[in-house]
Structures are given as C-alpha cells and as structure tokens.
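Breakdown of the fold
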Amino acid sequence: MVTIKTPEEIEAMKPACRHAADTLVMIEPYIKAGITTDDLNDLVHEFTLKAGGIPAPLNYHGFPKSVCTSVNHVVCHGIPSNKKLSDGDIINVDVTTILDGWHGDTSKTFFVGEPKVRARKVVDVAKKALEIGISIVRPGATLGDIGHAIQTYVEGERCSVVREYCGHGIGRVFHEDPQVLHYGKPGTGLELKTGMVFTIEPMVNVGKAAVKLLGDRWTVVTRDKSLSAQFEHTLVVTETGCEILTVPSS
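As a starting point, this report considers the structure included with it.

What counts and how
Residues numbered from 1 in each chain as written. Predicted model: local features only at pLDDT ≥ 70, side-chain atom pairs only at ≥ 80, totals over all residues. Heavy atoms only, no water. Pairing = 2+ DSSP bridges. Helix = DSSP H or I, 4+ residues; strand = E, 2+ residues; numbered from the N terminus. Axes fitted to C-alpha atoms, helices over the stretch in contact; angles between N-to-C directions. Expected span 1.5 Å × (residues − 1). Bend = angle between axes of the 7 residues up to and from the residue. Buried < 20%, exposed > 50% of the residue type's maximum accessible area, 1.4 Å probe, protein only. Arc of directions from axis to C-beta. Contact = heavy atoms within 4.5 Å. Polar contact = N/O pair within 3.5 Å; in protein donor to acceptor, adjacent residues only side chain to side chain.

As a further point, take the sheet that holds strand E12 (residues 220–222). Strand order in the open sheet made by the three strands is E3-E12-E11, with antiparallel pairing throughout. The open sheet has two edge strands with one neighbour each: strand E3 (74–76) and strand E11 (211–213). Recorded for the sheet is a direction-independent mean angle of 40° between the axes of neighbouring strands. Here E11 pairs with E12 via three bridges, running antiparallel. Bridge pairing in E12 places Val211 opposite Thr222.

Here it is, written out as structure tokens:
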C-alpha cells in the first residue's frame, strides 16, 4: 500500500527531514584523514539526541550504530568502526532522523582530502544521477521514468547502477512502499500522485554493477572492489513537480 500524505502530514515530516540534512552539514568539517567512522557515528548520535530526535538506524533490524558510513568500495550500510579515514578516500554518510514519529532520510558522499580522478568521477556522476531522477518527478510520471532517466545517464558516463538496493516510501515508517528502482523502462511502474513521499538514492559504481553482502549481514561492497558513491533525498510529489524535504535549515 502506497500512502498519500496529507498537507498536514507533510508539514509534520519537515522537521525530521531538515534535521537529517542539518546533520550532513554538521558532519562535513569533521571528515578528514585520521578520524574514525566511529567518531563520526558519535557526532551524529549526539547531534540527533540534542535535537530531541532518534537516530533511526540504531537497532533497526539489529543494525548496531546510529549512522551508515560507506567508504570507497562499500556501496551501502557500512558499519562505523575504529578504522581511520585516509587522504583520497570517499565516504557516504547516510543519515535518518526520527522526530515526533516522522522519518527524514538523506545521504551524501564526501571527499577525504584531495580526490583521485576516478573518485571525483563516480561522485560527480552519482550526484548528477540524483538530480536527474528528481527532475523527472511530477504527477503522471512513473517510477520507471525515474529509473530509466538515472540508468541512461549513469551508463552513458560508463558507470553502473546498483540493482539490488533502491529508494523507498517513507513517513512514520522508515521503509514503506513504493520501491524506487534506479533503473527501468519509461512508462512502466507506479504512476506518481500528489502527496507521495519517497527517497531517490542511486548507488553508482565506477566499475561493474555487481555487489555482494559481507558476513556481518549489513555491509554491501562492489564485487570488483571498484569505488561506489551515493546521494539521497527525501521528496514529496507536488501538483507541479516535487519538493525536496531534506534541505538544511540554513
């Protein structure tokens, strides 16, 4: 069941979405060589609690931390640890905040120090892929239209789109219907309607699309160990297009 949010519900979601976006702004200055992803986790955890929120990843189906930190060839769901970041790394920080029972979900891939050519390439493509996906959202468009636009762009840049993980509906529940695939055929899938709220979060590999799940049952990596990058927003379908909800307070 895909829920249509009322205008009042959308307004109620906005503080959680803004806080998630503010968390990415807060964390950026700390992303330097020598810091551990555990350190980043602690910063996110305290920042969320201070705002009266709850970090949604913590204990979600057993996930042990308050944020996902995916470094280099980790595609998604990286678990923070005592491993230090190094100059030239890329890291995706995926934040989901719960405020007053509503979820806000967003992520960004950051450079650690000076990026190498392939790192800059995959990050730039992932960021543009999200922008292209968002540009398709309007009443009457389909989920297949979004996926097709993302896939066409990414593959045109000689990168690949991860197939196994996707965007999702969101609201009082972390993961709701619909599933928002980042590949597909135009004109297929669910038709978008005003009031639908979901994430778009393409995972882009600079190498092949194949991924594998590690033994911790969370960390997903590229099979060929190529770099992977991701960007994510929560958005709502409006009468004329869409509104991005995960925008910072200032």
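Structure shown, so let's carry the discussion forward.
Another point: helix H1 (residues 7–27). Taking 1.5 Å of rise per residue, 21 residues should cover 30 Å, and H1 covers 31 Å from first to last C-alpha, within 8% of that figure. Where H1 bends most, the angle comes to about 30°, and this point is Lys14, followed within four residues by the proline Pro15.

To continue, consider helix H2 (residues 37–50). Think of an α-helix as turning once every 3.6 residues; residues three or four places apart then point the same way. Its 14 residues place the ends of H2 20 Å apart at the C-alpha level, agreeing with the 20 Å of an ideal helix rising 1.5 Å per residue. Residues of H2 that are buried include every one of Thr37, Leu40, Asn41, Val44 and Thr48, and no others. Mapping the buried residues of H2 onto a view down its axis gives an arc of 100°, with all of them on the same face. Exposed and oriented more than 90 degrees from the buried face of H2 are Glu46 and Lys50. Just downstream of H2 lies Gly52, where phi reads positive at about 80°.

In this structure, Gly167 sits in strand E7 (residues 167–169). We classify Gly167 as buried; its relative accessible area is 0%. Put simply, Gly167 and Val117 are 50 residues apart on the chain and 28 Å apart in space, counted from C-alpha to C-alpha. The contacts of Gly167, once residues within four sequence positions are left out, are Pro178, Gln179, Val180, His182, Thr199 and Glu201.

A few words on the environment of Thr37. Tracing the backbone through its elements, the reader meets Thr37 in helix H2. You can call Thr37 buried: its relative accessible area is 5%. As a C-alpha pair, Thr37 and Ile150 span 113 residues in sequence and 29 Å in three-dimensional space. In this structure, Thr37 is in contact with Thr69, Val71, Pro80, Ser81, Lys83, Leu85 and Ile91, ignoring residues within four places of it in sequence. There is a polar contact of 2.8 Å between the side chain of Thr37 and the backbone nitrogen of Ser81.

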